[in-house]
Amino acid sequence: MTPSESEKQGNASTSGEAGDQPVTSETGNVAKAAQQRPAILIVEDDFLIAMEAESALIAAGFQISGIAATAEEAISLARTHKPAIAIMDIRLAGRRDGIDAAGDLYREVGVRCVFATAHDDQQTRARATPFLPLGWLSKPYTMMSLINQVREAIAKSSSR
């Protein structure tokens, strides 16, 4: 793996994390602030949308605990990183969809989702209802609407 590939992979799965550097008294406050920022899991199989969402959320002060393109990747990342919430696309790569993934995240890790999808019909919403969605974003959405929805979702998830 070339350094640039390694950097890209690291950015996609650990953006916003403190890294491998030891915490010193000078950087202790920075590391502590990074740990206190809510971590978001992005579950999106469209690479460009995922990268744009990651960039916007980091700029808004959130930590990204990972980006997953499949339900299985999402569940694995959530078990490892314990995000505050997940941004969940309904149509994912692989055999399982985002509602299946949301169910596993909710049951196994206690993570609730904001669904970001072009498939926003009553039947889809009814399937997701048991997993207590924190919100819905209809595609195409703006990055500002994503950030606002995430802020509302964090507030909802913190108050339970």
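Refer to the structure above for everything that follows.
Predicted model only: the values in this text are computed from it and were never measured. Note that residues are indexed from 1 along each chain, following the sequence as it is written. The predicted origin of the model limits local features to residues at a pLDDT of at least 70 and limits the giving and counting of side-chain atom pairs to 80 or more, whereas totals for whole chains, interfaces and linings rest on all residues. As a convention, hydrogens and water are excluded, and side-chain values are obtained from all of the structure's heavy atoms.

(A) Spatial organisation of the pairing of strand β5 (residues 135-138). Strand pairing requires that DSSP identify at least two bridges connecting the strands. Numbering of helices and strands runs from the N terminus; a helix is a DSSP stretch of H or I covering at least four residues, while a strand is a stretch of E covering at least two. Sheet topology note: the strand β4 (residues 112-117)/β5 ladder contains 4 bridges and is parallel. By the bridge assignment, Phe115 is partnered in β5 with Trp136. Orient the strands so they point away from the viewer, and a crossover whose first-strand-to-second-strand path over the helix runs clockwise is right-handed. In this fold, β4 hands off to helix α6 (residues 122-128), which returns the chain to β5; that crossover is right-handed.

(B) Quick peek at the packing of helix α4 (residues 71-81) against helix α5 (residues 98-109). At a closest axis distance of 9 Å, the pairing of α4 and α5 adopts a crossing angle of 20°. Of the possible angle classes, the one that applies to α4 and α5 is roughly parallel. The hand of the α4/α5 crossing is right-handed. Across from Ala71, Ala74, Ile75, Ala78 and Arg79 in α4, the residues of α5 making contact are Ala101, Asp104, Leu105, Glu108 and Val109. When residue character is reported, Ala, Val, Leu, Ile, Met, Phe, Trp, Tyr, Cys and Pro are called nonpolar, Asp, Glu, Lys and Arg charged, and the others, Gly included, polar. Here the contact of α4 with α5 is built from residues that sort into 7 nonpolar, no polar and 3 charged. Note on definitions: angles span 0 to 180 degrees between N-to-C directions of axes, and those axes are lines fitted to C-alpha atoms, for helices only across the stretch in contact. An angle below 35 degrees is read as roughly parallel, one above 145 as roughly antiparallel, one from 65 to 115 as roughly perpendicular, and any other as oblique. Throughout, a crossing is termed right-handed when the near helix is turned clockwise from the far one, and left-handed when it is turned anticlockwise from it by less than a right angle. The criterion used for residue contact is that any of the two residues' heavy atoms lie within 4.5 Å.

(C) Fine view of the environment of Lys156. Turning to its location among the elements, Lys156 is positioned in helix α7 (residues 143-158). C-alpha of Lys156 to C-alpha of Arg112: the two residues are 44 residues apart in sequence and 10.0 Å apart in space. Other than its neighbours up to four places away in sequence, Lys156 contacts Arg112 and Leu134.

(D) Geometry of the side chain of Asp97. On the secondary structure map, Asp97 appears in the loop between β3 (85-88) and α5. Identification of polar contacts relies on pairs of N or O atoms within 3.5 Å, with a donor-acceptor requirement for protein atoms, meaning one able to donate a hydrogen and the other able to accept it, and with residues adjacent in sequence counted only if both atoms are side-chain atoms. Separated by 3.1 Å, the side chain of Asp97 and the backbone nitrogen of Ile99 make a polar contact. A polar atom in the side chain of Asp97 sits 2.9 Å from the backbone nitrogen of Asp100.

(E) Looking closely at the sheet that holds strand β1 (residues 39-43). Reading across from one edge, β2-β1-β3-β4-β5 is the order of the 5 strands in this open sheet, with parallel pairing throughout. Every interior strand has two partners, whereas the edge strands, β2 (63-68) and β5, have only one. Ignoring strand direction, the axes of neighbouring strands in this sheet form an average angle of 20°. Bridge count between β1 and β3: 4 bridges; the pairing is parallel.

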